[in-house]
Amino acid sequence: MDSATEIKRRRTFAIISHPDAGKTTLTEKLLLYGGAVQLAGSVTARKNQRATTSDWMELERKRGISVSSTVLQFEYRGYNINLLDTPGHKDFSEDTYRVLTAVDSVVMVIDSAKGIEPQTRKLFEVCRQRGVPIFTFMNKCDRPMKDPLELLDELESVLGIGAFPVNWPVGRGFDFKGIFDRQSRQVSLFEKTQGGQYRAPEKVGGVDDPLIRELLDDETYGQFAEELEMLDMAGESFDHAEVLAGKTTPVYFGSGVNNFGVQHLLDGFLKYAPEPKGRQSVGGEGEFIEPEHPTFSGFVFKIQANMDPRHRDRIAFIRVCSGKFERDMTVNHSRSEKKVRLSSSQKLFGNDRETVDEAWPGDILGIVGHSEFGIGDTLTSGDGIEYNEIPRFAPEAFSYLHNADTSKFKQFRKGLEQLLQEGVIQVMELRNSTVKVPLLAAVGPLQFEVVQYRLESEYTALSRLETAPFETVRWLPVDIRDEATLDALSLPTGARLATDMDGHHVALFTSGWSADYFNELNPKVPLSPLPPS
């Protein structure tokens, strides 16, 4: 196939949600349709020793949560799909934000009993800032749920996005009978059978069709007819341009765990989701790089160590932005300004891999090895292309990490170095500290638990956490470097100076008030909430 055809059939998206909204379950059901897994392991079946395919870390299986972003790639009806399953827990939001830089659209999963929850709102805002098209799946319609009109109103009033219901629930909760497709005027019937099977969609003439009338009691039917009439009276037609602009979200109802409405969502998503989009280069002449640009380019958005426990390896995940990738090609590495040969390129499916000889814009590649690659780095076969896609965040949790077994010092140090390369946690070095204990910094404290777990399971290094008294970090101006100037700074009680992993000086405070007080004590030293770019 030619370049244009390959690009058109790519769809690269992530699934976002609040924890427990059913994101990982939906991910698995989507994979079923791609023929990628034979058996969808329900999240609730973990107690039966069967974990979901998309969660690969042992800690994830034990706790029943996703704490790492997984890349899953499969073919479906002529489309090449790159699906990124993101962590739902708020402590891993930084990893999720980075993943959102690598996708062209998202599916937002909402628990129809709870509506929009805090983490959903936070992730939605990141998508809005980037102008990413959003598709909404109202999950768990076969359980007690909010009024569907109320859910639509929440999308519009809480998130400020227009909502177009592509389908509508026929009954709800324990009386959930199926979904009515407002565009094709078809009903898909839900049957409470093992595995959540359902009959093929049946064409119906309208709301008053005998088929629908027989399914519902008088009260439920009256409510269903009234709701559809209200939607039709609103007169809103499906506006594809508004969807692509991120101003309207198509809404689908269903039940992920029972595999109902998932194919409707997938088919609608593939029909309306955008193909790979261009990216702004900050290098050279700062041109906008379209996917059809002949020069290969991509950027690293995630690094993961030890996905395969049999090999102590390291994978850099790369979003291909333009041109064609070919295995063994030589590219320019933006940060080191050196030429690098990309020989070990792989396609990922959880922790399973296969060698990839070529890839196109929209594809996600795993490049094994290359310790010089860092998050945000650009790789290109030409000159002058450089992307600045990765957002920076200030840590909000701090802990000292002690080596609990001095005989395992080498394993402790090597393991910590590799995990730091993933960019999920940072380490800071306190100034004038007599004891060299790593001070870990992360967006959320659960990250530290993951570090401890992985140090022990992957490097046989035991560690002990000690909570540090800091809550806030601020970066000093880059021109403050000399020791005399640092010594002259007036610090509030409990505040400490330190350096981050890039050698920048920071001030650590026990509270936000303490950081404000520093400004009063040192009015000529402006602090920054984010590190220098």
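About the cut-offs
- Residues numbered from 1 in each chain as written.
- Predicted model: local features only at pLDDT ≥ 70, side-chain atom pairs only at ≥ 80, totals over all residues.
- Heavy atoms only, no water.
- Buried < 20%, exposed > 50% of the residue type's maximum accessible area, 1.4 Å probe, protein only.
- Helix = DSSP H or I, 4+ residues; strand = E, 2+ residues; numbered from the N terminus.
- Salt bridge = Lys/Arg side-chain N within 4 Å of Asp/Glu carboxyl O.
- Core = buried A, V, L, I, M, F, W, Y, C linked by side-chain atoms within 4.5 Å.
- Contact = heavy atoms within 4.5 Å.
- Phe/Tyr/Trp six-rings, centres within 6.5 Å; stacked < 30°, edge-to-face > 60°.
- Lys NZ or Arg CZ within 6 Å of the ring centre and 35° of its normal.
- Axes fitted to C-alpha atoms, helices over the stretch in contact; angles between N-to-C directions.
- Parallel < 35°, antiparallel > 145°, perpendicular 65-115°, else oblique.
- Nonpolar A, V, L, I, M, F, W, Y, C, P; charged D, E, K, R; others polar.

*Asks:* Got a minute to help me understand helix 2 (residues 23–33) in this structure?
*Replies:* Of all 11 residues in helix 2, 10 are buried; the element is thus mostly enclosed. Residues of helix 2 that are buried include every one of Lys 23, Thr 24, Thr 25, Leu 26, Thr 27, Glu 28, Lys 29, Leu 30, Leu 31 and Tyr 33, and no others.

*Asks:* Looking at this model, I keep getting lost on the pattern of salt bridges. Mind explaining?
*Replies:* A side chain with one charge may pair with a side chain of the opposite charge, provided their charged atoms come close. For the structure on display, the rule yields 24 salt bridges. Across the pair Lys 140 and Asp 111 runs a salt bridge, and its minimum N-O distance is 3.3 Å. Taken together, the residues span a long stretch of sequence, with Lys 140 in the loop between strand 5 (134–139) and helix 6 (148–158) and Asp 111 in strand 4 (residues 105–111) at a distance of 29 residues. Here Lys 140 and Asp 111 have matching classes, each one buried. As a salt-bridge pair, Arg 172 and Asp 147 come within 3.7 Å of each other at their nearest N and O atoms. Taken together, the residues Arg 172 in the loop between strand 7 (167–170) and strand 8 (178–181) and Asp 147 in the loop between strand 5 and helix 6 connect sequence positions 25 residues apart. For Arg 172, a relative accessible area of 18% gives the class buried. Note on Asp 147: relative accessible area 27%, which makes it partly exposed. One salt-bridge network, in which partners are shared between bridges, spans Glu 6, Arg 9, Arg 10, Glu 75 and Asp 363.

*Asks:* Would you mind showing me how to read the environment of Lys 122 here?
*Replies:* When you line up the elements, Lys 122 lands in helix 5 (residues 118–130). When its relative accessible area of 40% is taken as the criterion, Lys 122 is described as partly exposed. Put simply, Lys 122 and Tyr 97 are 25 residues apart on the chain and 9.9 Å apart in space, counted from C-alpha to C-alpha.

*Asks:* Would you explain the nonpolar core in this entry?
*Replies:* Nonpolar side chains in soluble globular proteins generally cluster together in the buried interior. Of all hydrophobic cores here, the largest spans 57 residues; its most connected members are Val 106, Leu 155, Phe 224, Phe 253 and Phe 301. Those residues in contact with Leu 155, other than ones at most four positions away along the chain, are Met 108, Ile 110, Ile 116, Thr 136, Met 138, Gly 160, Ile 161, Ala 163, Thr 249 and Val 251. In this structure, Leu 31, Leu 72, Phe 137 and Val 166 belong to the second largest nonpolar core, which totals 27 residues.

*Asks:* Teacher, can you tell me more about the packing of aromatic side chains here?
*Replies:* We describe a pair of aromatic rings using the distance from one ring centre to the other and the angle between the two ring planes. Across all of its chains, the model carries 15 aromatic pairs by this definition. With centroids separated by 5.3 Å and ring planes inclined at 70 degrees, the aromatic side chains of Trp 168 and Phe 253 adopt a geometry described as edge-to-face. Separated by 85 residues along the polypeptide, Trp 168 in strand 7 and Phe 253 in strand 11 (residues 248–253) bring together distant segments of the chain. For Phe 253, a relative accessible area of 0% translates into the label buried. With centroids separated by 5.7 Å and ring planes inclined at 65 degrees, the aromatic side chains of Phe 509 and Phe 518 adopt a geometry described as edge-to-face. Here Phe 509 matches Phe 518 in class, with each residue buried. One aromatic cluster is present, formed by Phe 13, Phe 135 and Phe 269 through successive ring pairs. Its end group placed over the ring of Tyr 221, Arg 213 keeps NZ or CZ at 4.3 Å from the ring centre.

*Asks:* Looking at this structure, how should I read the packing of helix 2 against helix 10 (residues 262–272)?
*Replies:* Contact pair helix 2 / helix 10: the axes reach a minimum separation of 10 Å and the direction vectors enclose 75 degrees. Relative to helix 10, the element helix 2 is oriented roughly perpendicular. Residues Leu 26, Lys 29, Leu 30 and Tyr 33 of helix 2 lie in contact with helix 10, whose contacting residues are Val 262, Gln 263, Leu 265 and Leu 266. Counted by class, the contact of helix 2 with helix 10 contains 6 nonpolar, 1 polar and 1 charged residues.

*Asks:* Would you mind going over the environment of Thr 499 with me for this structure?
*Replies:* Counting through the fold element by element, Thr 499 comes out in strand 29 (residues 496–499). For Thr 499, a relative accessible area of 24% gives the class partly exposed. Residues Thr 499 and Arg 431 lie 68 residues apart in sequence; the distance between their C-alpha atoms is 7.3 Å. Not counting the four nearest positions on each side in its chain, Thr 499 is found in contact with Val 427, Met 428, Glu 429, His 504, His 505 and Val 506.

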